[in-house]
Amino acid sequence: MIKYIVCPGCKQDHPIKGNAKNRGDLQMQKGNEFKFNCHHCGKIANTHVNDVKAKPNKIIIVAATLVAVIGGVFLLLFIGYLGGFAFLIPMAAWKQQELSVSAFNRYKIKR
């Protein structure tokens with residue numbers, strides 16, 4: 001999951017560092033409001049935790065797909081039909097990303 005802020009000036013997405021899994025954790029790390037400095041347009045703004053959004057991390061999904069392809073070929077060569085179940089790995093990674101993004105975006109902090 002990638003957490004990001006949309007700059008009010010240039011409307012570009014800027015990722016937020018941290019390992020918060022929900023807005024409550026993000027609030028404990030950064031506070032209710034924190035300063036955001038856009039590296040593109042130079043605008044400095046106070047941003048509320050509710051303005052942070054999340055989107056799926058495509059790198060995790062691609063990595064899971066590569067593991068599934070390599071593992072599937074290996075299993076097909078040495079075990080047989082069980083290698084066909086390797087396609088479940090990227091589907092599980094995608095579903096986990098979607099669930100965590102949905103949970104993050106759904107939960108809001110009182111202003």
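Just so we're clear, the structure is a prediction, and the values are computed from it rather than from any experiment.

What counts and how
- Residues numbered from 1 in each chain as written.
- Predicted model: local features only at pLDDT ≥ 70, side-chain atom pairs only at ≥ 80, totals over all residues.
- Heavy atoms only, no water.
- Helix = DSSP H or I, 4+ residues; strand = E, 2+ residues; numbered from the N terminus.
- Rg over C-alpha atoms; globule rule 2.2 N^0.38 Å.
- Buried < 20%, exposed > 50% of the residue type's maximum accessible area, 1.4 Å probe, protein only.
- Contact = heavy atoms within 4.5 Å.
- Lys, Arg positive; Asp, Glu negative; His and termini not counted.
- Charge placed at Lys NZ, Arg CZ, Asp CG, Glu CD.
- Axes fitted to C-alpha atoms, helices over the stretch in contact; angles between N-to-C directions.
- Parallel < 35°, antiparallel > 145°, perpendicular 65-115°, else oblique.
- Left-handed = near helix turned anticlockwise from the far one by under 90°.
- Salt bridge = Lys/Arg side-chain N within 4 Å of Asp/Glu carboxyl O.
- Polar contact = N/O pair within 3.5 Å; in protein donor to acceptor, adjacent residues only side chain to side chain.
- Pairing = 2+ DSSP bridges.

1. Describing the overall build of the protein
Turning to step 1, where the next piece is worked out: Assigned secondary structure in the protein consists of three helices and five strands.
Turning to step 2, where the next piece is worked out: For the protein, the sequential pattern of α-helices and β-strands runs β-β-α-β-β-β-α-α.
Turning to step 3, where the next piece is worked out: Taken against the 2.2 N^0.38 rule, which gives 13 Å for 111 residues, the C-alpha radius of gyration of the protein at 19 Å runs more than 25% over that of a compact globule.
Turning to step 4, where the next piece is worked out: If one aligns the C-alpha atoms of the protein with their principal axes, the spans along those axes are about 55 × 30 × 20 Å.
Turning to step 5, where the next piece is worked out: Counting across all 111 residues of the protein, residues that qualify as buried make up 32%.
Turning to step 6, where the next piece is worked out: Once local pairs closer than 6 in sequence are excluded, the contacts in the protein between residues at least 24 apart make up 58%.
Turning to step 7, where the next piece is worked out: Distance between charge centroids for the protein: 1 Å, based on 16 positive and 5 negative side chains.

2. Observations concerning the packing of helix H2 (residues 58-78) against helix H3 (residues 88-106)
Turning to step 1, where the next piece is worked out: Two elements in contact, H2 and H3, have axes whose closest approach is 8 Å; the angle formed by their N-to-C orientations is 165 degrees. On the basis of the axis angle, H2 is roughly antiparallel to H3. Here the hand of the crossing between H2 and H3 comes out right-handed. Taking contact as the criterion, the partners of Ile60, Ile61, Ala64, Thr65 and Ala68 in H2 are, on H3, Ile89, Pro90, Ala93, Trp94 and Gln97.

3. Concerning unusual backbone geometry
Turning to step 1, where the next piece is worked out: Not every positive phi belongs to a glycine, and lysine 11 is a case in point at roughly 65 degrees.
Turning to step 2, where the next piece is worked out: Its place among the elements puts lysine 11 in the loop between strand S1 (2-6) and strand S2 (13-15).

4. A look at the side chain of lysine 3
Turning to step 1, where the next piece is worked out: Positionally, lysine 3 belongs in strand S1.
Turning to step 2, where the next piece is worked out: Within the buried core, lysine 3 has no salt-bridge partner, and the shortest N-O distance to an opposite charge, that of aspartate 25, equals 9.0 Å.
Turning to step 3, where the next piece is worked out: A distance of 3.3 Å separates a polar side-chain atom of lysine 3 from the backbone oxygen of alanine 20.
Turning to step 4, where the next piece is worked out: Sequence-distant contacts of lysine 3, defined by excluding residues within four places in its chain, comprise His14, Pro15, Ile16, Gly18, Ala20, Val52, Lys53, Ala54 and Phe104.

5. Let's talk about the sheet that holds S2
Turning to step 1, where the next piece is worked out: Taken in spatial order, the three strands line up as S2-S1-S5 in an open sheet, and their pairing is antiparallel. If you trace the sheet from one side to the other, it starts and ends with S2 and strand S5 (53-55), each paired once. Sheet twist, expressed as the average angle between the axes of neighbouring strands with direction ignored, equals 45 degrees.
Turning to step 2, where the next piece is worked out: One ladder, built from three bridges, connects S1 with S5; its direction is antiparallel. Bridging across to S5, tyrosine 4 finds its partner in lysine 53.
Turning to step 3, where the next piece is worked out: Against the sheet, H3 contacts S1 and S5, and its axis sits at roughly 170 degrees relative to S5.

6. Here's the deal with the pairing of strand S3 (residues 33-37)
Turning to step 1, where the next piece is worked out: Where burial is concerned, the two faces of S3 differ: the one with Phe34 and Phe36 is buried and the one with Glu33, Lys35 and Asn37 is not.
Turning to step 2, where the next piece is worked out: Sheet topology places S3 next to strand S4 (residues 44-48); five bridges connect them, and they run antiparallel. What sits directly across from glutamate 33, in S4, is histidine 48.
Turning to step 3, where the next piece is worked out: With antiparallel pairing between neighbouring strands as the criterion, S3 and S4 make up a hairpin whose turn holds six residues, including glycine 42 at a positive phi of roughly 85 degrees.

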